[in-house]
Each structure stands twice: as C-alpha cells, then as structure tokens.
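What follows is the residue order along each chain.
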Amino acid sequence: MQKMVVRFRRGAKACGDYPLTMKKPLILLATAITAHADTILVEAESFKTHGGWSLDTQFIESMGSPYLLAHGLGEPVKDATTTVQLKPGKWRVWVRTMDWVARWKAPGTPGKFQLLVDGNPLAETFGTKGASWDWQDGGTFESKGATTLALRDLTGFAGRCDAILLSNDPAFTPPSMKDSNDMNAPFRLKLAGLPETPADGGKFDLVVVGGGYGGTAAAISAARMGCKVALIQNRAVLGGNGSSEIRVWAKGGIRRGLYPQIGEIVEEFQDTASLSPGTYEEFGDDKKEKVVRAEPNISLFFNEHVTGVEKKGASIAAVSSLNTKSGARTRFEGKFFCDATGHAFVGYLAGADHTIREEDHLGMSNMWRWQETDSPKKFPETPWALALKMDDFPYPRRFHAEWFWESGFNKHPIIGLEDTRDWNFRAVFGAWNAMKNGDGRDKHPNAKLEWIAYIGGPRESRQLLGDVILTHEDIASKKPFPDGTVPTTWDIDLHYPKEQYAKGEAEKDPFISKAVFDKSVDRKHGYPVPYRCFYSRNVPNLFMAGRNVSVTHEALGTVRVMKTGGMIGEVVGKAASIAIKNQCTPREIFERYYPELQELMKQPGAARRKTVQDPIALPAGYTPLPPEKDGSEQGPAGIDVKKLPGIALDDSQAKLTGKWSGGHGLEGYHGAGYQFRGPKETGSARFEFTIKDAGIYEVRVAHQPHANRATNTPVSVESAEGKKALTVNQRVAAPDNGFVSLGKFRFEPGKPAVVTIGDGSADGNIHADAVQLLPAK
C-alpha cells in the first residue's frame, strides 16, 4: 500500500496535513475506464453526459473546482450519467457538495439530489448537510464491475455536485475538503493520475487569457497585425458579460475621438440586444466565435481555466490551465501575455502590482426573464428564499429584471462570489414566489420563469496597476495625456445599495442597487484613456484589457463597459505586434515606438498582415465603414430645440430636484436625451421661461411613450393666470410630433412662466424631455 501526506492550502496558509492510503489512483473521465485502484475520484464535470445539469466554472478560486449545478428554475433537470469499471465487491461513496442555503440558516434544503448506482438511488440524499463544501458520506453499495453513476436532481433549485469519491478500502477516510480552494491540491492531482508536467499547448507571440469583449478584441487585433495568438477562455462561449450566459448588452461609444478607426473590430462581433437581459439569440455567441475562428493566426481554446503562471525573472514565461471538463492540464508558452480575465487572475498569479476593494465595491448581478403563457403555471413554494412581498422589489417590467438586481457590495469580490450569486438566487426566487404564490398571485396565474443567469455579471474586483493610474480627477478635468487612445464615453456610473429595498433580511445585504452618475465625461467625443493604463508596471511582458486595467474605483465607473473594454483590447493587440516586431516591452512602446502605435491605431479594423514584418493591406473588396450616425455616445443626436418654433427648452435646461436618470433608448427625443425617474422616487423637472411679449401661448410637453411610463404624470403650469395642475398619459404616443398640448395660457413679462413635470406621484416612470410655448393663433 502506498502512503502519502496531503497538504491542503487556502491562499498561502496550510490548513492541515492528512494521511491518505491508496493504491494507484486515477480519475474517471468521460468514458468508462478500468480502475486498478482501491480509491477513485470521479469529477462531476467529467461525467460522460451532463443531462440538464450546467457546468459552473466561476468559483474555482473559492472552492477549488468546476462543478455541476442543477439549474432548473424549480423543475428537476435531467440526470447526468457516466460509467466506471470497478472491482466486484463493497464500495463506500462520498460526494463533495453542500446545502447552499445553510450559511443563512434558511429553512429547507432546496439543493437536494440523489446518486444512483446502476439505477438505484443510495439511501442518503445529498446537498442536505453543511454550509460549506465538503464530503457527504453516502454509505456503501455492492459493485459487480461496470457501474453506472447518475446524479438525479430532486428540486430544480441549484443542487450542486463537485466530485464523487469511491473506495473499497474499509480503512479509508477522505481528508476534509471543507472550503478548500486549492485547484491544484495534491489530493486531487494524485487521484487524477495525470502527468506531473502539463501537456504542451504551444508557443505563441501573444497569449490572451479571457474571452470577453476585451480579450476577444485583443486576440483579433493582434492576429490581424501578424501575431500568432492563443485565446484561452474558461467557458464554452465568448463575450463574457456580453454572452448569452449573462446577457448584459454592450455599451460604450466606439469609432470616435482621436482614432475613429478604433472600435471597428468590436463592431464586427458586438451584440444586437434590444433589452438587457435580452433573448439568447440577440447576444450572438456563434457570431463571436465565427469571427475569431476566421483568423488563421488565432488558436482558440475553450473550457480552459488558467491556474498557474511560470516566470523567468520578472516576466511571465508560460501559463498553465485546467480543462474544466476533463481536469487535464495544459501549458501555453508566450512572449507576451494579456490578462483579460476581469478578475486579473494572470496578473495576480504573476505578482503584478494591483489593488482590490474588499468592501464598498461595485456588485454582481444575476438578471432574469419571465413570460406570460396561455395557461396557468404552478410554482413551488420557496420557504428558503427571501421572504418578499411585491413592494419589496422593483417590478420586472417588460418581462425582464435588469442590472439593478445586484448585490455583494461588501463581500470579497472574488472569494465571496458564490455567496453573492446564491444570495441573488434567494432574492430572485423570493420575488418570483411573491408573484406566483404571494400577494401578486392574482395578477400572475399564467406567468412562467423563462431564464435566470446562473453565471453572475461582476463589475469590479482587481485592478492591475500600470505606469498611469487613471483617476476621476483626470477625467473630470479633461487632463490630456500624450498617449491618450481609447475614447471612454460612458458616464462615471457607480452603483450603491438602494435604500428603498434594504429592509428585512436584505437590510445587511441589499439585492437592489441604484446608479449614481457623474456627468464629467464628454459623451460625444469621449475622454482618451492613456495607453500606459494597459500594461503592468512591474511585470514587463504583461498587457491587460477590459475592466481590470489601471484605473481607480471611480474611473472604473466609465471604462468598465464592454465596448470600451473591447477597444482597449484592439489597442493592446496592435501594441503587442509592435512589441514583437521591435523586440521591446510594452513600456518601451510608449518611450520609443509610440508614433508606430499611433499609425496602427489609424488603420481600419479590417487591415491585416501575415506577419509583423509584412506590409499592411486591406482585404480584397474592402469597403470603408460609414461614419457613425452622429457623435453622441449615449444615443443618436436628437431634435434641436433651437430649431423649434416659439420658445422651447430641453431637459438639459431644466432645474432638476430629486433622483433622475438620463436616457436615450426611446427614439424621437430632443437634444442629447431625456430624463426619467421611478414612480416611487421624488423629484421634479422645472422648466423656467423668460417671456418678452405678453400674450396667449399654447403649452406643449414632449415625451416618448413606453409601457413602463406613467398614465398620470403630474404636470403643472404657472402663468399670469395662476397655477394649474394637470396629468399626461406618457404610456401612449404624443399626438402632435411628439408633443402633448396642455392648453392655452396667458404669460406676461416679469410674471411666472414655469412648467413643472413630475412634482408628485404616478403609476409608472415619469419622463421629461422638452417643453414648448407656441404663440396662440
């Protein structure tokens, strides 16, 4: 018998030493394998068929492994199955799992599932014990040889299984894996029977880790400029937060500013979503993959999660990855690396200087959708969810719950993410229970849950530090940098818990957020973000793209949106080609070769060369892209109020009180957009006119209709005749070129001439766009 000591690590601390006795162990992968061992580890993610179980890879850093999740929205999912060849006789089984609501001492065990052996369920029900990941003893069974294992979900409510441990050694007891987050734990590696040396994944000019907008654009850009590129993604789709798995629509103005060609690559693969979250099809996973696979210089690696970094001196020599389905390790060697992981995994492992806010940071969203059907739909009671009533959450209008279903503001932004996701689950299912079984049941008999994102959409974790750390002050003062590149056009958009819904169990951990905007950014032309924010200041061959670039918390509020991150990737890809061509570091590009980067940033996105030494050419039949419709980032330019007859004021000229948000999604607005506020918010938009000529004027107010607008928006008119209160139905289209007439009033110089929108409550969102006074005929 072979004896070894297994050391488990959580971060840099050893959690304990455990003796382990076994014979020639190995892992069971997707096909049946003969076991010549007394102890066998079967990773759930390596089951031959996953059935209806989903592969969850987002918490490897906190619990140590990918796992299978039964995400059935209250309906049990189909079995996951595999086959293992065992020695005949008695075997004992353990399953690594958890009761995912036990950390809150919530009643019930929603994540229940069974393990079936040759079609027969073991007596133990799993997912019912323990508030953290560990082995749950399943008892014994008799094997006759070839043995079929199946995971059978019992609820459809997020049951989860990491691994199954089998032993025919009566003296064997597995070491505790409670909260173990070491993805390279010796225990698992020994049982895997995998080579100590990872497989060779190849040598590349640029290794891009992370397949969101930043990483995808970086890979395409570098490949088109002649680099041999590896694009490593730990999911089976590209797009990150902008994929069908998370469904955040891509925002940020492109193709403008100093280098209007930057953004053309992003435009090739960006989504076409009409809502966030929209439908699966709108996010174009296949389109993104097709664009990448069309590049001969890119090798695309799906389902690979980087877990290790090799260094040569201060530089990165290679990264190693874990295949999230098979457990196999692969090594990728590169001259340069781009960390586009969002969480800055590569930079962190390489010892790159970075910051992290463990509290008071942006949260993570799990958005959801529902639908109306033609017949009644039942939904099981959820006593383990948050106990919510209809007034405890914002109603999911237009059949979708948006970005503000966000929590985790004061949990660790990486280690605490599973806790945040599960808390979001409790909030969503609590809200849906209120709609189906609570005080909203009379209005939702035919309603059905359509989709909930089980992959969360995080906004902030680590920031890798470059030679420039962009700040709010830089942006607000429009500080010019000599290496300004990507135009960031999104308002500085920071999220905080919304006090209105922070009550009851949610008081300490709110699940609904609000956005607070700083209007310092030039939304039309954008603020040029310095190139020196896109490489590490202490790891000489490391670039970064996406939301983990070198900015402060406040500056992240503008650069974090996906199209902006994608443009950063475009610049990084071009810079990498210069670094390869001139055998220089990213820093030396700024110091010695920046004019060359400027020239590349002026090239169309379709421009390409076979190698970095070849001349740049455009594809045959290339047609230049038409210019952007206008210069406005947040939306097309609206109607100019100065060109309207009479006296007209735009919402930008109104005096706002209370909490208003800017919008541009409803077409037909005036100026740069419009303002709106929720029905439970307070505040008004006061339009104050200067009257030169006394007379009778027709008062007209503009709005753009929408189903979530109020039917009784309060509007008041102050004139020489006094003050009159009215209401406007903003849910229907305004009858006269976007305007509604409030009637005729007498106005005189020196007397009040004021129209106020929203000074009162309403049954929907209140909309303020433009107000017009027309001399009466």
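Here is what the cut-offs are and how they apply
- Residues numbered from 1 in each chain as written.
- Predicted model: local features only at pLDDT ≥ 70, side-chain atom pairs only at ≥ 80, totals over all residues.
- Heavy atoms only, no water.
- Axes fitted to C-alpha atoms, helices over the stretch in contact; angles between N-to-C directions.
- Helix = DSSP H or I, 4+ residues; strand = E, 2+ residues; numbered from the N terminus.
- Parallel < 35°, antiparallel > 145°, perpendicular 65-115°, else oblique.
- Left-handed = near helix turned anticlockwise from the far one by under 90°.
- Contact = heavy atoms within 4.5 Å.
- Nonpolar A, V, L, I, M, F, W, Y, C, P; charged D, E, K, R; others polar.
- Pairing = 2+ DSSP bridges.
- Phe/Tyr/Trp six-rings, centres within 6.5 Å; stacked < 30°, edge-to-face > 60°.
- Buried < 20%, exposed > 50% of the residue type's maximum accessible area, 1.4 Å probe, protein only.
- Lys NZ or Arg CZ within 6 Å of the ring centre and 35° of its normal.
- 1 Å grid on protein atoms, 1.4 Å probe; cavity = no way out; pocket = protein on both sides within 12 Å on 5 of 7 lines; lining within 4 Å.
- Points joined across faces, edges and corners; volume = space filled by probe spheres on them.
- Polar contact = N/O pair within 3.5 Å; in protein donor to acceptor, adjacent residues only side chain to side chain.
- Expected span 1.5 Å × (residues − 1).
- pLDDT = per-residue confidence, 0-100.

Helix-helix packing is described using two parameters, namely the angle between the two axes and the distance between the axes. Two numbers describe how helix α3 (residues 213-224) lies on helix α10 (residues 562-582): the axes approach to 7 Å, and their chain directions differ by 30°. One element, α3, and the other, α10, form an angle in the roughly parallel class. Handedness of the crossing formed by α3 with α10: right-handed. For the pair α3 and α10, the contacting residues are Tyr213, Gly214, Ala217, Ala218, Ser221 and Ala222 in the first and Met562, Lys563, Gly565, Gly566, Gly569, Glu570, Gly573 and Lys574 in the second. Residue composition of the contact of α3 with α10, grouped by class: five nonpolar, six polar and three charged.

Glancing now at the packing of α3 against helix α5 (residues 285-293). Between α3 and α5, the least distance of the axes is 10 Å, while the angle of their chain directions is 25°. Comparing the axis directions of α3 and α5 gives the class roughly parallel. When you trace α3 past α5, the crossing you get is left-handed. Facing Tyr213, Thr216, Ile220 and Arg224 of α3, the residues of α5 in contact are Lys288, Val291 and Val292. Its residues assigned to classes, the contact of α3 with α5 comprises four nonpolar, one polar and two charged.

Next up on the list: the pairing of strand β23 (residues 368-372). Looking at chain direction, β23 and strand β24 (residues 400-401) are connected through two bridges and run antiparallel. The residue bridging tryptophan 368 from the neighbouring strand is alanine 401, located in β24. Alignment of β23 against strand β26 (residues 447-452), held across five bridges, turns out to be antiparallel. By the bridge assignment for β26, glutamate 372 is matched with alanine 447.

Here the focus is the packing of aromatic side chains. Each pair of aromatic rings is reported with the distance of its centres and the angle of its planes. A full pass over the atoms with the stated rule returns 32 aromatic pairs. Judged by centre distance (6.5 Å) and plane angle (90°), the ring pair of phenylalanine 379 and tryptophan 432 falls under edge-to-face. Residue phenylalanine 379 is located in the loop between β23 and β24, and its partner tryptophan 432 is located in helix α7 (residues 417-437); the two are separated by 53 residues in the primary sequence. Residue phenylalanine 379 shares its accessibility class with tryptophan 432, and that shared class is buried. The positively charged end of arginine 532 is found above the aromatic ring belonging to phenylalanine 590, 4.2 Å away from the centroid. The side chain of arginine 677 reaches across the aromatic face of tryptophan 660, ending 5.8 Å from its centre.

Our next topic: the sheet that holds strand β37 (residues 674-677). Strands sit in the order β36-β37-β44 across an open sheet of three strands; the sheet is antiparallel. The two strands at the open ends of the sheet, each matched to only one other strand, are β36 (661-663) and β44 (766-768). Along the sheet, successive strands turn relative to each other by an average axial angle of 35°, direction set aside. Both β37 and β44 contribute to a ladder of three bridges, which runs antiparallel. Within β44, the position partnered with arginine 677 by the bridge is isoleucine 766.

With that settled, the discussion passes to empty space enclosed by the protein. Enumeration over the complete set of coordinates arrives at two cavities of 30 Å³ or more. By volume, the second largest cavity is sized at about 60 Å³.

What follows deals with the environment of histidine 670. You can see histidine 670 is positioned in the loop between β36 and β37. Look at histidine 670 and you get buried, because its relative accessible area is 2%. For the pair histidine 670 and leucine 470, spaced 200 residues apart in sequence, the C-alpha separation works out to 33 Å. In this structure, histidine 670 is in contact with Gly638, Ile639, Val641, Leu644, Asp650, Asp651, Ala702, Phe739, Asp769 and Ala770, ignoring residues within four places of it in sequence. At 2.9 Å, the side chain of histidine 670 forms a polar contact with the side chain of aspartate 769.

With antiparallel pairing, the three strands of this open sheet are ordered in space as β25-β22-β27. Every interior strand has two partners, whereas the edge strands, β25 (406-407) and β27 (457-458), have only one.

Looking at where aspartate 493 falls in the secondary structure, it is placed in strand β30 (residues 492-497). Relative accessible area serves as the criterion here: at 6%, aspartate 493 is assigned to the buried category. Within polar-contact distance, the side chain of aspartate 493 engages the side chain of histidine 495 at 3.2 Å.

Taking 1.5 Å as the rise per residue, α7 with 21 residues should run 30 Å; its terminal C-alpha atoms sit 29 Å apart, in good agreement. Taken across its 21 residues, α7 has 19 buried, putting it largely inside the fold.

Moving on: the confidence of the model for the protein chain. For the protein chain, the average pLDDT comes to 91, and 92% of its residues sit at 70 or higher. Confidence over residues 1-36 falls short of pLDDT 50; this stretch has 106 contacts with residues more than four positions distant or in other chains. Below a pLDDT of 50 lies the segment residues 630-635, which in the model reaches 25 contacts outside its immediate sequence neighbourhood of four places, other chains included.

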